[in-house]
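Fold and geometry: a report
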Amino acid sequence: MAVALRYLWPLLLCSPCLFIQIPDEYEGQHVMEPPVITEQSPRRLVVFPTDEISLKCEASGKPEVMFRWSRDGIHFNPNEELDVTVKQAPHSGSFTIAGNNSNFAQRFQGTYRCFASNDLGTAMSHEIQLMAEGAPKWPKETVKPVEVEEGESVILPCHPPPSAEPLRIYWMNSKIMHIKQDERVTMGQNGNLYFANVLTSDNHSDYICHAHFPGTRTIIQKEPIDLRVKATNSMIDRKPRLLFPTNASSHLVALQGQPLVLECIAEGFPTPTIKWLRPSGPMPADRVTYQNHNKTLHLLNVGEEDDGEYRCVAENSLGSDRHAYYVTVEAAPYWLHKPQSRLYGPGETARLDCQVQGRPEPEVTWRINGIPVEELLAKDQKYRIQHGALILSNVQPSDTMVTQCEARNRHGLLLANAYIYVVQLPAKILTPDNETYLAVEGSTAYLLCKVFGAPVPSVQWLDKEGKTVLQDERFFPYTNGTLGIRDLQANDTGHYFCQAANDQNNVTIVANLQVKDATRITQGPQSTIKKKGSRVTFTCQATFDPSLQQSITWRRDGRSLQEPGDSDKYFIEDGHLVIHSLDYSDQGNYSCVASTKLDVVESRAELQVVGSPGPVPQLELSDRHLLKQSQVRLSWSPADDHNAPIEKYDIEFEDKEMAPEKWYSLGKVPGNQTSTTLKLSPYVHYTFRVTAINKYGPGEPSPASETVVTPEAAPEKNPVDVKGEGNETNNMVITWKPLKWMDWNAPQVQYRVQWRPQGTRGAWQEQIVSDPFLVVSNTSTFVPYEIKVQTINSQGKGPEPQVTIGYSGEDYPQAKPKLEDIKILNASTVLVKWWPVDPAQVKGHLRGYNLTYSWEGSPRRHSKRHIPESHVVVVPANTTSTVLDGLRPYSSYHLELRAFNSRGLGPPSKTTFSTPEGVPGPPEALHLECQSDTSLLLHWQPPFSHNGVLTGYVLSCLPLGDGGEEQLSFNLSDPELRSYNLTNLSPHLQYRFQLQATTKQGPGEAITREGGTKTLTGTSDFGDVSTTVGENYSVVSWVPKEGQCNFGFQILFKPLSDEKMDAIPPQYVSYNQRSYTQWDLQPGTNYQIQLLKEAVLLHETFVTTNGTGRVRLPPPGFTTEGWFIGFVSAIILLLLILLILCFIKRSKGGKYSVKDKEDTQVDSEARPMKDETFGEYRSLESDNEEKAFSSQPSLNGNIKTLGSDDSLADYGGSVDVQFNEDGSFIGQYSGKKEKEAAGGNDSSGAASPINPTGTLE
C-alpha cells in the first residue's frame, strides 16, 4: 500500500495545480468561452487626407462577444459618428472612417482602445494611436548664394518638413542627376550636404535637395542653392575639424534589438579620413559595417554588451580631430513570463504570472475585465498581487474573468489578456474502452487512460481482482493517466482497469495487454577488414515471436540497402549479405535490422576495405635554381592510404630521350614525408613520378611531372670490372663494364685506355675507344701489365682511374706434378698426395689439378676384354691431396695427375694402385618355393659385386610370432651353391630368411625375404582354370596360387554321349605342372572334366570337342608307343646339350684384336677450364648400367647372369692374359659390350675437368 501511495500522492496533491484545457473529444454539457482578442490594428497608425481609416478589433467567445471603443480614455461610439461605417460581421467590432476633406483626419486622431465582452468577462486591445498628417510642403524661404574660397569647407542645408514616417533625401542638380559623393563630398543623416574642401569644379548654381515621403508617395524639392567657388593660387592646408557632430562628445540612447547609427563628418585639407575606435572593448566585427566612405558606423541588433564609448577620429597629414559617443542601451518592455489563459476547477488557486523586463524598469498594472485592479482590491479580498503575479484563492465558477497585465516605460507598452475560467464538469475517460495493447518482453508498455473533468479527476489502475497494480515497482503512472509497465514479462499479459473519479462521478475502462516474445539477434554481423577485390559475407540470424510478421533487412550507414536488379554487387538471402568485388567505396557501417511491428533490434558491424595506396594526386617541382648543382626539390600531395599506413614513397624517373617508357628508382622516403631534395645526374632529361607503398604493396604511380634537364658536366665515374686477359698466347684483351647512359654526363662518352708492363716506370701506352674492350697484340706470354681505363666526354675527363693488374695470354703448362704417396684407407678408399708444381712452369695462373683414374680389372677377371672407364677429380690449386672413394674392392686402377691453367692441361704423372679384398654385395635374388607343408626350397643368384673371392654363404632363418623360437643359421661353404632345401618347418608360422655371401673379409650385405608353408585344409585353390579344345584333344590350364604348396591330383574326362565309348582312364598330374593335354577324344563330343584328389572333387568343367561326330581311330602303331616317344626325346635332348657346349667353347677360347678399340679410345687430355670448376669426380658412364644388370631375370638358377663382371672365373677355365707396352689389356673381355646390350650407355665426349669420360663402377 505504501508503494501505491507513493505514486498516487503526487496526483492528489498536484491536482489543484493542474491547469485545465477542455479537449475536443469531451462531449459534455455546452461549454462557454471567455472573450479572446484575435485581431487588432497596429499600435501606431499614420493617415493622410483622402486616406480611408480602418480600425480593427476581432474577438472570439461564447456567448457572442459585444464590442465597445474608447478614445483618449473617453467612451467612443462609432455608430454615432458621421462618415464612420461599423463592420457588420460576427466576432467583429471593426469600423472604417471614409476621408472626404482635408481636416477629417485631424478630427479623428487620438488614442483608441477596443473592449470585447460576454458573460464571462471583458478582453481589451492595446492602445492604437491614430496620427493624422497633412500633405508635405517646404516652407517658403529665400535661398541666398553661398560664396566660398577654393579649399574651404561648406555645408549646404536641406531641412525637410517633419514627418511621422522616415524620409529619403537625395541631392541632385537641375538635370535630375545625383551629386557625386566621395570622401570629400558627403550627405549626412540629417540630409545636409557637407564639403570637406571645395574645388572650382564644385561651382554650380543648381544644388537641389529632394525629400521623398513614402506615406504619401510624394517627392518635394527645396529651392536650388547656388554654390560659388572663388579660385585661388594658394590653397592653405589645415588639419581636420568635425563638421558633425560639432562638440567633443555626445550621449546617445540605443534601443536593444534595434540598429545604432553613429556618424562623423570632417573638413580639412587634404581631405581627412575617418576611423572608428571602441576604447571600452573590441568592436563586434560580425555586426558592424562602415558606410559612406567610413563616415557612418552601423551596429546591428544592439545588445546590453554594446553599452559604452565609441570614438571617431578624423586624420590628415596635419593632425586629427575626434568625437566621443557615449552610448546607453535601453529597452522597451519585453516579456519574461507572459500570463496564460487557464481553466480551473472549483476550489483551486489561480495564479497569473506577469514578468517583464526593460530599461528603464517598466511599470506593471493589472486590470480585471478592463477595470484597474486597485478599484477591486478594496471590495474583494480574493485578489492579491505578489511579485508581479495576480493570485486568486478558492476560485468558484463566479470568479471567471479576463485579466489584463500592462507594462510600460518611455520606449513602449506591453499588454497581455489572460482569462481565468472556472468550470465544473463530470469525469469522463476519453480513451476508448477495451483497447488491446501489444508489447514484447523486456520493453515498456504504455496503457492509455486520458481523462477530463472539473475538478480534475483522480486516476487509479487496478487488476482484475480490484487491487492497485502500483505495488509492483515496475508499474508507474503518469499525470495524464497513462500507466507504464517497464521490463515486461510474459505473465504481465492480462486485463487492467483504469478508474477516474471526481466529486461528480466515477468511470472505468478496461485495457488488454498481450506480451509477445522479444526479437533477438542470435548471430549478428562481425566487424572485419577485407582486401580490395575480395568478397565479404555478413551473417544475421534472429528469433521472433511466431505470431508476428517478421523481417530482416540490411542497412549501410543508416540507409536501407537493397539488392540491385542489374548488378551482382550485393547478394541478400536467408540472413546473409554478400558483397562481391569490394572497393574502397564499400567500406562503412553495415547493420542487420530484425523487426516486427512491435520491436526493432539492430546489430552493427564495421567493414574496412584495405589495399595498396591510391595514386599520389599531384607533383610539384621547386628550387629550380639548384639545377645548376644538379639538384631539384620535389613535393607531392599525400596519397590515400586505404586504411593501411603508407610506409614509404618510391621516387622514379624516366628519360624520354635515352630510355623512353623505362623508369628508374631514385630512392625511397618515409611515408610521413611529402617532399625531398633530389640529387640528380648531369645531362639527364628527368620526368618524375611517385608511388606510395604500404604493407599491401605499391599503389598506382602519380601522373608524370614536367620534364627538367640537368646541364652537361665532366664524367664523375670511371668504368668498373676492368680486366686484362689474353685469349691468345701473344695478346691481352682489356675489358670493362661500360658506363650506364645516366652516368655519361654528356651526349657522347669514350674511354681512355692506358697500359704498360708491371714494374716498369716507362711511359704509358694509351688508346681512346668507344667500345668496351681493347685488344693489345704482340705481347709476351703471361706477362703482367698495369691497366687504367678513364671516362671522357665533351666536357672533360673523369676522375683519375685506379690501376688494375692484367696478364697477357697463357700457354699450356710444362710442369708435371710429382706423386708423393697413395695410401690405402680401406677396400674402397685411397688418399693420393703429390708435390706442388713450379709456378714458373705453369705458364699461366694455376687453376688446379686434374686427377684421372680408371678401373683396370680384378684378379678373377683377367681373361675378359675391358674398356677402361675413366673418372676425373678436379682439385683446387692450393690443394696437394685428395681422397678417392667409391672404388671397387679387390681391383687394379690406373691414375694420371696433371696441372692445368686457363689454357689447358699439362703433361701427366702416371701410376697404378690396387684395392684390397672387401665384403661382397647382397645376393642378386632369393626365391622361396613350397615343396610341402613342412619344407621350402630356397634358390638364389650370387652377388653382382663379389669384391673378392667368394668363400660361401650364411643362411639365417627366424620364426616370426610370439612363440619365442630361436633363429637358425646355416654356414654354406660351397660358393657355387645356388639352392638349399629347408625341412621340418612349421606349417603354421611365417619365417624371415636372410642370406649373405662371404669372402675372407667376412659376410657382406644380406638379402631378406619372408614366407612359409601352407597346410592343405579343405579344397585346394586352383585360381583360374581354362580349357582349349580341338577335334580330338583338350588342354586344361590353371594358374598356381602364390604360396600354394605342390601336390598331385587326377584329371578325369567323362564323355556325356549316350553311345558306348571307351573309358578314358584318369591321369595323375602335378599342381606345379600348370597344364595338361588329353588326346584321343572323339570329335563333336561333350565331356565332363573333373579334378580329383583322393576322391574329393576339386574342380569341374565341361567342354565340347570340334568336329561333326564320332571318328573311328585306326589301330595304334609303334609311333604311339611310349618307348618310341621316350627314345626320340632322349636324342633331341643330347643334341641340345652338344649345341650348348659348343657355344660355350667358342665364346671362351678365342683371342681378339683390340687395335680398333685402342684407336677409338677417348683422349684423356682435358680442355682448359675456369679455376672455379672444382669437384670430386663425375662418371661419364650412365649410373643405370649396374641397375640394368641387376634387373636382368635369371633364366636358370645355375647360369651366371650375362654381363656380370665380378670374376673372370665365372666364364670358364684359365685364360691367357697378355699386355702391351703401356700395360693395357690385349685380350679385353666382352663384359663391357654385353653390359651395353643390357642397357648401359657410354659417354662419348672429350675428357676434361668439365667433361670427364670415365665412370667409377
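Above: the structure in question.
Since we're looking at a predicted model, the values are computed, not measured.

1. Some thoughts on the state of the cysteines
- For the structure shown, the criterion picks out 6 disulfides.
- Here Cys-449 pairs with Cys-498 through a disulfide, and the sulfurs are 1.8 Å apart. On the sign convention where negative is left-handed, the bridge of Cys-449 and Cys-498, at about -75° about the S-S bond, is left-handed. You can see Cys-449 sitting in the loop between β40 (445–447) and β41 (451–454) and its partner Cys-498 sitting in strand β45 (residues 494–501), a full 49 residues away along the chain.
- Here Cys-449 falls in the buried class, since its relative accessible area comes to 1%.

2. Remarks on the pairing of strand β24 (residues 273–277)
- Where burial is concerned, the two faces of β24 differ: the one with Ile-274 and Trp-276 is buried and the one with Thr-273, Lys-275 and Leu-277 is not.
- Bridge count between β24 and strand β27 (residues 308–316): 5 bridges; the pairing is antiparallel. In the sheet register, Trp-276 faces β27, and the bridge partner there is Cys-312.

3. A word on the side chain of Glu-58
- By secondary structure assignment, the location of Glu-58 is in strand β4 (residues 57–62).
- Its relative accessible area of 13% is what places Glu-58 among the buried residues.
- At 3.2 Å, the side chain of Glu-58 and the side chain of Ser-94 are in polar contact.
- Beyond its immediate sequence surroundings of up to four residues, Glu-58 is in contact with Val-36, Ile-37, Thr-38, Glu-39, Phe-67, Lys-87, His-91, Ser-92 and Ser-94.

4. Describing the sheet that holds strand β52 (residues 559–561)
- Spatially, β48-β56-β55-β51-β52 is the arrangement adopted by the 5 strands of the open sheet, whose pairing is mixed. A strand with exactly one partner marks an edge of an open sheet, and here the two such strands are β48 (528–531) and β52. Averaged over all adjacent pairs, the angle separating strand axes in this sheet is 35°, with direction ignored.
- Two elements, strand β55 (residues 588–595) and strand β56 (residues 600–610), share 8 bridges in a ladder whose sense is antiparallel. Directly across from Asn-589, in β56, lies its bridge partner Glu-606.

5. A few points about the side chain of Ser-70
- Position of Ser-70 among the secondary structure elements: in strand β5 (residues 66–71).
- For Ser-70, a relative accessible area of 11% gives the class buried.
- Every residue in contact with Ser-70, bar those within four places of it in the chain, is listed here: His-75, Phe-76, Thr-111, Tyr-112, Arg-113 and Phe-115.

6. Structural notes on the sheet that holds strand β80 (residues 923–932)
- Spatially, the 3 strands line up as an open sheet ordered β80-β81-β84, and their pairing is antiparallel. Of all the strands in the sheet, just β80 and β84 (979–982) have a single pairing partner and so form its edges. Neighbour-to-neighbour, the strand axes of this sheet turn through a mean angle of 20°, independent of strand direction.
- Where β80 lies against strand β81 (residues 935–943), 8 bridges are found, and the strand directions are antiparallel.

So, how was this worked out
- Residues numbered from 1 in each chain as written.
- Predicted model: local features only at pLDDT ≥ 70, side-chain atom pairs only at ≥ 80, totals over all residues.
- Heavy atoms only, no water.
- Disulfide = S-S within 2.5 Å.
- Helix = DSSP H or I, 4+ residues; strand = E, 2+ residues; numbered from the N terminus.
- Buried < 20%, exposed > 50% of the residue type's maximum accessible area, 1.4 Å probe, protein only.
- Pairing = 2+ DSSP bridges.
- Polar contact = N/O pair within 3.5 Å; in protein donor to acceptor, adjacent residues only side chain to side chain.
- Contact = heavy atoms within 4.5 Å.
- Axes fitted to C-alpha atoms, helices over the stretch in contact; angles between N-to-C directions.

Just distances and angles here, no functional claims.
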